[in-house]
Amino acid sequence: MGKNDTAILVVSFDGYSDLWDPYFKSVEKFWSDCPYDTYLLSNNLDYNSPMLKSCIAIGDDISWSSNLLKALDKINKYKYVLLMMEDGFLRRSVNTPLLMEIINQFKKIDGNFLTLLNDPKPTENYNKYFGELKSGQPYRVTATYSIWNLKFLFNFLNKDESAWQFEKLGSRRSDQFENGFFATYDNHFDVIHAVVKGKWQPESFKEAVELGFLKE
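Parameters and conventions
Residues numbered from 1 in each chain as written. Predicted model: local features only at pLDDT ≥ 70, side-chain atom pairs only at ≥ 80, totals over all residues. Heavy atoms only, no water. Helix = DSSP H or I, 4+ residues; strand = E, 2+ residues; numbered from the N terminus. Core = buried A, V, L, I, M, F, W, Y, C linked by side-chain atoms within 4.5 Å. Buried < 20%, exposed > 50% of the residue type's maximum accessible area, 1.4 Å probe, protein only. Contact = heavy atoms within 4.5 Å. Pairing = 2+ DSSP bridges. Axes fitted to C-alpha atoms, helices over the stretch in contact; angles between N-to-C directions. Salt bridge = Lys/Arg side-chain N within 4 Å of Asp/Glu carboxyl O. Phe/Tyr/Trp six-rings, centres within 6.5 Å; stacked < 30°, edge-to-face > 60°.

## A short note on the environment of lysine 108
Residue position: lysine 108 is located in helix α3 (residues 96–108). Taking C-alpha positions, lysine 108 is 30 Å from serine 66, a pair spaced 42 residues apart along the chain.

Rendered as structure tokens:
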């Protein structure tokens, strides 16, 4: 299976534009061989990076889900989308061949959702890379570091939900689907969580400076 049916979407908004430089510097440093077309979701601002195919400006901020729906509609030529977060800076290299193999296995079974972090943990083993998340499990769907069947995600989203509501309410909404939701046994991204509740974390800022993503 190839890479051309899959896109990465970094979900953001203009209020977090100060995170875009350090985020894409971290990708350039630790995932320079990223094989997938990468897009950045913004409101009205444009942004350029060697690691970015284009910026998708969707207009004024309404809600996390509404913004995401507009962005997905603009990249609907892809079958799969990998959602990333702009305040999660990479701190270690991504194993691209392994990640691609995991994603290809997910495609072969026509899954709906696969988180590439071991959180939540799978309820049942499925193959050597990931296990199944059964209905009723908390955080059966998550907003980032996860790959989705794009059409499924588009139809699954509720346009009025925040990211937090999507993970809470969407997880219960997913219970109508018995199968198709998975989580890896290992974390395949190691990230610095830069911002919590809208505020930079001092230790995260320090680490980002040490790695060359920011200047003091």
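Let us keep going from here.
## Points about the nonpolar core
Grouped together as the largest cluster of nonpolar side chains are 44 residues, with contacts concentrated most on Trp31, Met84 and Phe189. Elements with a contribution of two residues or more to this core: β1 (6–11), α1 (20–30), β4 (80–85), β5 (88–90), α3, β11 (191–193) and α6 (202–210). Looking at which element gives the most residues to this core, the answer is α1, with five residues. With residues up to four places along the chain from it excluded, the contact list for tryptophan 31 reads Ile8, Ser26, Met51, Leu82, Met84, Leu90, Val94, Thr96, Leu99 and Phe189. Counting 29 residues, the second largest nonpolar core, distinct from the first, contains Tyr39, Leu133, Ala143 and Trp148.

## Things to note about the sheet that holds strand β3 (residues 54–57)
Sheet strands associate in pairs through backbone hydrogen bonding, adopting either a parallel or an antiparallel arrangement. Taken together, the nine strands give an open sheet; going across it, the order is β3-β2-β1-β4-β9-β6-β10-β8-β7, and neighbouring strands pair in mixed fashion. Each edge of the sheet is formed by a strand with only one pairing partner; in this case those strands are β3 and β7 (124–125). Taken together, the two bridges between β7 and strand β8 (residues 130–132) define a ladder with antiparallel strand orientation. In the sheet register, glutamate 124 faces β8, and the bridge partner there is glutamate 132. Across the sheet, α1 touches β1, β2 (37–42) and β4, and the angle it forms with β2 is around 170 degrees.

## Some details on the pattern of salt bridges
Under the criterion given, the structure shown has nine salt bridges. Between aspartate 5 and lysine 107 there is a salt bridge, with its nearest N and O atoms 2.7 Å apart. Within this pair, whereas aspartate 5 is found in the segment before β1, its partner lysine 107 is found in helix α3, the two being separated by 102 residues in sequence. For lysine 107, a relative accessible area of 6% corresponds to the buried category. Residue lysine 134 is joined to glutamate 132 by a salt bridge in which the shortest nitrogen-to-oxygen separation is 3.7 Å. Ionic contacts of the salt-bridge type, sharing partners, join the residues Arg91, Arg92, Asp190 and Glu207 into one network.

## Examining the packing of aromatic side chains
With the rule as written, the count across this model stands at 26 aromatic pairs. Centre to centre, the rings of phenylalanine 89 and phenylalanine 213 are 6.4 Å apart; their planes meet at 80 degrees, and the pair counts as edge-to-face. Linking phenylalanine 89 in strand β5 with phenylalanine 213 in the segment after α6, this pair joins segments that are 124 residues apart in sequence. Using a relative accessible area of 2% as the deciding quantity, one classes phenylalanine 213 as buried.

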